[in-house]
Amino acid sequence: ARTATGSKTTVLQAWAAGVPCVVAGASAGVVSIRDRENALVYSSDHEAYGLLAELEGDVGLRARLAAAGRAEVEQLSSRRQAEEIVAIVLNERRP
């Protein structure tokens with residue numbers, strides 16, 4: 001499976017809103033994108049158009065990618081909250 005990175009803010013916002021993503025494999029960013037697991041990855045304009053058409057015509061694919069993206073955001077959010085709680089606890093224990 002191909003992997004890619006996407007613009008962190010754009011991808012996270014789309015995932016949080018339940019919008020499936022189609023992203024360039026060469027995009028700059030930090031978010032981990034897994035082709036056909038949580039987004040569709042393209043390497044050319046022609047391929048992007050084909051993926052957009054596929055996404056438009058496949059309700060199940062749209063739903064699956066949207067759910068996987070939303071789960072990714074929720075996992076990142078939970079991890080960040082846990083890190084913040086640990087930091088608070090550690091700071092309270094310091095003299």
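Computed from a prediction, not measured in an experiment: that's the story for all the values here. (Residues numbered from 1 in each chain as written. Predicted model: local features only at pLDDT ≥ 70, side-chain atom pairs only at ≥ 80, totals over all residues. Heavy atoms only, no water.)

Caption draft 1: Region of interest: the overall build of the protein. Looking only at helices and strands, the protein features 3 helices and 4 strands. Its helices and strands taken in sequence order, the protein reads β-α-β-β-β-α-α from the N to the C terminus. The buried share of the protein, taken over its 95 residues, is 26%. Contacts in the protein between residues at least 24 apart in sequence constitute 48% of all its contacts with a sequence separation of at least 6. Split by element, the accessible area of the protein, about 6200 Å² in all, is 55% carbon and sulfur. (Helix = DSSP H or I, 4+ residues; strand = E, 2+ residues; numbered from the N terminus. Buried < 20%, exposed > 50% of the residue type's maximum accessible area, 1.4 Å probe, protein only. Contact = heavy atoms within 4.5 Å. Areas by Shrake-Rupley, 256 points an atom, 1.4 Å probe, with all protein chains shown as cover.)

Caption draft 2: Up close: unusual backbone geometry. At Arg36, a position not held by glycine, the phi torsion is positive, near 70°. With respect to the helices and strands, the residue Arg36 is situated in the loop between strand 3 (31–34) and strand 4 (40–42).

Caption draft 3: How the structure looks around the nonpolar core. Counting residues in each nonpolar core, the largest one holds 11 residues, listed as Val11, Leu12, Ala14, Trp15, Cys21, Val23, Val31, Ile33, Ala39, Val41 and Val73. When contributions to this core are tallied by element, the ones reaching two or more residues are helix 1 (8–16) and strand 3. Sorting elements by how many residues they give to this core places helix 1 first, with 4 residues. When near neighbours in sequence (up to four residues on either side) are disregarded, Val73 contacts Leu12, Trp15 and Ala16. (Core = buried A, V, L, I, M, F, W, Y, C linked by side-chain atoms within 4.5 Å.)

Caption draft 4: Region of the structure containing the environment of Arg62. Within the element layout of this structure, Arg62 appears in helix 3 (residues 59–93). Note: C-alpha distance between Arg62 and Pro20 (42 residues apart in sequence) is 5.9 Å. Look past the residues within four positions of Arg62 in its chain and what remains in contact with it is Pro20, Leu55, Glu56 and Gly57. Among the polar contacts listed, one links the side chain of Arg62 to the backbone oxygen of Leu55, at a separation of 3.0 Å. (Polar contact = N/O pair within 3.5 Å; in protein donor to acceptor, adjacent residues only side chain to side chain.)

Caption draft 5: Geometry of the side chain of Glu72. Mapping Glu72 onto the fold places it in helix 3. What Glu72 contacts, discounting residues up to four positions off in sequence, is Trp15, Ser32, Arg34 and Asn38.

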